[in-house]
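The primary structure of each chain is shown beneath.
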Amino acid sequence: MKLLKLLLLPYMAAVIAGAFLWVEPAEGFLGESSRIVFFHVPCAWTAALAFLVAAGYSLAYLLSRNARFDSVAHAAVRLGLLFAALTLVTGSLFARIMWGSFWNWDPRESSYLLLLFLYGAYLFLRAAVDDPERRARIAAAYALFSAVLMPFLVFVVPRVTRSLHPQTVINPQGKILMDTPTKTVFFAGLLGFTALFLWLLELEARGARVRQPTN
Amino acid sequence: MASARIEAVDLSKSFAGVPLFGGVSFLLDRGVLAVTGPNGSGKTTLLKILASLMRPSTGTVRVESEGRELSRDERRSRVGWSGPDLAFYPELTAEQNLAFFRRAAGFASERHDLRTRLAAVGLDGSGTAVEHFSTGMRQRLRIAFSFLLDPDVVLLDEPMAGLDADGREAVHRAVASAARRGPVIAAATDLEDLPPADEVLEIRGRETVSGKPKP
Amino acid sequence: MTPTRLGFWSRAWAVCAKDAAQEGKRRIALGSILFFAATALALVSYAVGPFGLPADARASLDAALLWIILFFSAATGLPRALVREEETGTGLALRAVAPGAVVIAGKAAFNFLLFLAIAALSVPTFAVLLEWRIESSAALVAVVLLGGVGLSIVSTFLSALVARAGQRNVLFLVVSFPLLAPLLLPAIAATVAASQGSFAAAPLRVLVAYDGAATCAAYLLAGAAWED
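Just so we're clear, the structure is a prediction, and the values are computed from it rather than from any experiment.

Moving on to the overall build of chain B. A tally of helices and strands in chain B yields 6 helices and 10 strands. The C-alpha atoms of chain B give a radius of gyration of 17 Å, which matches the 17 Å a tight globule of 215 residues would have. Structurally, chain B occupies a C-alpha span of about 45 × 35 × 35 Å along its principal axes. Counting across all 215 residues of chain B, residues that qualify as buried make up 52%. Partitioning the intrachain contacts of chain B with sequence separation of at least 6 by distance along the chain shows that 67% fall at a separation of at least 24. Carbon and sulfur atoms provide 49% of the accessible area of chain B, an area that totals close to 9200 Å². Each charge class in chain B was averaged separately, 28 positive and 29 negative side chains, and the resulting centres sit 3 Å apart.

Summing up its helical and strand segments, chain C has 9 helices and 0 strands in all. N-terminal to C-terminal, the α/β element order of chain C is α-α-α-α-α-α-α-α-α. What you see for chain C is a C-alpha radius of gyration of 18 Å, in line with the 17 Å of a compact globule of 228 residues. The dimensions of chain C, computed from C-alpha atoms along their principal axes, are 70 × 35 × 30 Å. Taken across its 228 residues, chain C has 57% of its residues classed as buried.

With that settled, the discussion passes to the interface of chain B and chain C. With 28 residues of chain B at the contact, the number on the chain C side is 27 residues. Here chain B and chain C share an interface that buries about 2600 Å² over both sides, 63% of which is from carbon and sulfur atoms. A per-residue breakdown of the area chain B buries against chain C is headed by B:Arg76, B:Tyr89 and B:Glu91, which together make up 26% of the total. There are 1 salt bridge connecting chain B and chain C. Between B:Arg76 and C:Glu227 there is a salt bridge, with its nearest N and O atoms 3.7 Å apart. Here chain B and chain C share 10 residue pairs in polar contact (both at pLDDT 80 or more) between them.

Quick look at the environment of B:Arg30 now. Residue and element names in this part refer to chain B. You can see arginine 30 is positioned in the loop between strand S2 (18-28) and strand S3 (31-36). Given a relative accessible area of 48%, arginine 30 falls into the partly exposed group. Note: C-alpha distance between arginine 30 and arginine 5 (25 residues apart in sequence) is 7.2 Å. Non-local contacts of arginine 30, meaning those with residues more than four positions away in its chain, are made with Ala179, Arg180, Arg181, Gly182 and Pro183. Within the local environment of arginine 30, its side chain forms a polar contact with the backbone oxygen of arginine 180, the two atoms lying 2.7 Å apart.

It is worth spelling out the packing of aromatic side chains at this point. All names here are of chain A. Within this structure, the stated rule accounts for 18 aromatic pairs over all chains. Each ring, one from phenylalanine 83 and one from phenylalanine 197, has its centre 6.5 Å from the other, and the planes form 75°; the classification is edge-to-face. In this pair, phenylalanine 83 sits in helix H3 (residues 67-99) while phenylalanine 197 sits in helix H6 (residues 180-211), placing the two residues 114 residues apart along the sequence. Each member of the pair, phenylalanine 83 as well as phenylalanine 197, is classed as buried.

A few words now on the packing of helix H4 (residues 80-88) of chain C against helix H6 (residues 100-129) of chain C. Residue and element names in this part refer to chain C. Two numbers describe how H4 lies on H6: the axes approach to 9 Å, and their chain directions differ by 125°. It follows that H4 is oblique to H6 by the angle criterion. Taking contact as the criterion, the partners of Ala81, Leu82, Arg84 and Glu85 in H4 are, on H6, Val103, Lys107, Phe110 and Asn111.

Listed per partner, the contact involves 32 residues of chain C and 24 residues of chain A. Of the roughly 2500 Å² buried between chain C and chain A on both sides combined, carbon and sulfur atoms contribute 82%. Sorting the residues of chain C by area buried against chain A places C:Leu161, C:Pro178 and C:Leu179 first, and these three jointly supply 21% of that buried surface. Here chain C and chain A share 2 salt bridges between them. With a closest N to O distance of 3.1 Å, A:Arg134 and C:Asp228 form a salt bridge. Summed over the shared surface of chain C and chain A, the result is 6 residue pairs in polar contact (both at pLDDT 80 or more). Put simply, the parts of the chain that give the side of chain C that touches chain A at least two residues each are helix H7 (137-162), helix H8 (168-195) and helix H9 (201-226) of chain C. It is H9(C) that contributes the most residues to the side of chain C that touches chain A, 12 residues altogether. Here the side of chain C that touches chain A is built from residues that sort into 28 nonpolar, 1 polar and 3 charged.

Right, let's get into the packing of helix H2 (residues 37-64) of chain A against H3(A). Residues and elements named next belong to chain A. Across the interface, H2 lies against H3 with an axial gap of 7 Å and an inter-helix angle of 160°. Taken together, the axis directions place H2 and H3 in an arrangement best described as roughly antiparallel. The hand of the H2/H3 crossing is left-handed. Its residues assigned to classes, the contact of H2 with H3 shows 18 nonpolar, 8 polar and 1 charged.

Residue and element names in this part refer to chain B. An order of S2-S1-S4-S5 is seen for the 4 strands of this open sheet, with the pairing classed as antiparallel. This sheet does not close on itself; its edge strands, each paired only once, are S2 and strand S5 (68-69). Sheet topology note: the strand S1 (residues 4-15)/S2 ladder contains 7 bridges and is antiparallel. Considered in S2, the bridge of leucine 11 is made with valine 24. Along the sheet face, helix H1 (residues 43-50) touches S1, S2 and strand S4 (58-65) and points at about 130° away from the line of S1.

Residues C:Phe36, C:Ile68, C:Phe72 and C:Leu173 make up a contiguous nonpolar surface patch of about 310 Å² in total accessible area. Within the secondary structure, C:Ile68 is located in helix H3 (residues 58-77).

All names here are of chain C. Of all residues in chain C, 97% attain a pLDDT of 70 or more, and the chain-wide mean is 88. Here helix H2 (residues 28-48) stands out as the element of chain C with the lowest mean pLDDT, 83, in contrast to H7, whose mean of 94 is the highest. Across the predicted assembly, pTM comes out at 0.89 and ipTM at 0.90.

What counts and what doesn't
Residues numbered from 1 in each chain as written. Chains lettered and ligands numbered in written order. Predicted model: local features only at pLDDT ≥ 70, side-chain atom pairs only at ≥ 80, totals over all residues. Heavy atoms only, no water. Helix = DSSP H or I, 4+ residues; strand = E, 2+ residues; numbered from the N terminus. Rg over C-alpha atoms; globule rule 2.2 N^0.38 Å. Buried < 20%, exposed > 50% of the residue type's maximum accessible area, 1.4 Å probe, protein only. Contact = heavy atoms within 4.5 Å. Areas by Shrake-Rupley, 256 points an atom, 1.4 Å probe, with all protein chains shown as cover. Lys, Arg positive; Asp, Glu negative; His and termini not counted. Charge placed at Lys NZ, Arg CZ, Asp CG, Glu CD. Buried area = accessible area lost by both parts, 1.4 Å probe. Salt bridge = Lys/Arg side-chain N within 4 Å of Asp/Glu carboxyl O. Polar contact = N/O pair within 3.5 Å; in protein donor to acceptor, adjacent residues only side chain to side chain. Phe/Tyr/Trp six-rings, centres within 6.5 Å; stacked < 30°, edge-to-face > 60°. Axes fitted to C-alpha atoms, helices over the stretch in contact; angles between N-to-C directions. Parallel < 35°, antiparallel > 145°, perpendicular 65-115°, else oblique. Nonpolar A, V, L, I, M, F, W, Y, C, P; charged D, E, K, R; others polar. Left-handed = near helix turned anticlockwise from the far one by under 90°. Pairing = 2+ DSSP bridges. Patch = residues over 30% accessible without salt bridge, like charges linked within 9 Å, V, L, I, M, F, W, Y side chains within 5 Å. pLDDT = per-residue confidence, 0-100.

This is the structure in structure tokens:
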């Protein structure tokens, strides 16, 4: 983990530099607005990943009833909330430039707003239960139940309704529509954000264990 | 005749890191085990753990019937339990309550059988809703509930609470007959509030003392 | 020695029948839902009336209003089924005899019947008050049934989670909205299509998939949701 932390800093710096200096702005987008893809998409990816991680640790909790897994799931949701919020902020900056206003009730914007609500609901639910074991069990059940219904929110509903959103990486053509520098920086960014998330997750979960030394 | 036994191995329970009791171990295959201890020592919690209504913090509970270990799910119908916080549907009559619980547990319910069970604890099958029951009548219904599924193991928490001489007599009879067939565990603050016991388990803070009842 | 045991559905049905018997005595759930639905309908029809909406936006606005009324009516009444068990203290007795899956299946069945009662009264009333023309009643029935199944199952499962938490009513709205949104959006889309006379295949397929996913998830997680 220490090594990861040390490598992460120069790596992310390189990704940021690459995003602004190496890559040419994409065609069909106003000005430099396309550069946001290198930050917006990894945030969105990390927010969704956080949910899967939370669901995985919730399942592990239900099977083992080990409080450690519960604290990791909880930490993953807190980070997911952060990345979902960053996704919305970066997305609305782009929307302001491209479509003229920060918020357009585009299905994709709405689905991430709902994802944000979902993370918030998980935290509310935890806050409303006093007994730690019951809280962990109820939160885990909610996280797993949500994980089954979340794909509808993020993948299915935005496709049923019309959207202004640019083609996503997973698109009907099944191709990655980018030139080589863009592709390199883009996937490097994805990897960097994923590593950043894992490092923060470990940090958060460790912090939570220090704060409540119950077991 | 069914042979059953219940075994507790090093049970402990803590709430939010605060230990309630620890080191509870016993093995019982027939007869009455009395659990005593002061208020707040964890008698009710221990019986709920034995009834699979709660999970222990450490340790395990094993219930065997006819030489086979029962799953958590099977124990639901093979272990009968009643306690002071057991409540019934206020709008329904005693008979309707018992009929429902038998069906929800997966057993057929017949009017004649239910009337016999109610008569055994001194309740008639009249149409009075449980909300109009006195404290003693509710307690009689709780006793009937713990024997409702003809369980292999019977757990009675405060069985005599609020009962008159007649009601105590009914509990004595039911416990004596069940103890000939299999294990019965009964908990109360004092031994006088329990049917005659073969063994005693006293919970005192974090240590438990087991022994024979003093004459 | 082993007596004949009742199967899963008979046990779940016993839970549903017991709730119906209890509801028959007090009628709190049904009463509060119908009262809520009536209030919401009156408010909506008073505010927008049959001519208050621009003609070209009517189809989608009417469909959205209808599902908002159905969602909030359901949120008022459906959580009662499990919350009541905790209020009367009978949750413990129920846990002692039946596993979570049986309880949740029985309560979901009861809630579905409750939803049908709300829908049967409020949908026609809505259509009359707002002079809402429905070209394909069959399509509308299909949407309401498919939406009702998902709404009942998800509400029942989530009310099992909030039943033992504080601030249940607010909490239920908070936890249910993000999970029910992927049901409400296709339901509204399919309702718009139904009012214009067509079966909208895409949103109906989403509803079927959602109902299936929610049913499986609720069945598998019922134990974790209900038992300590």
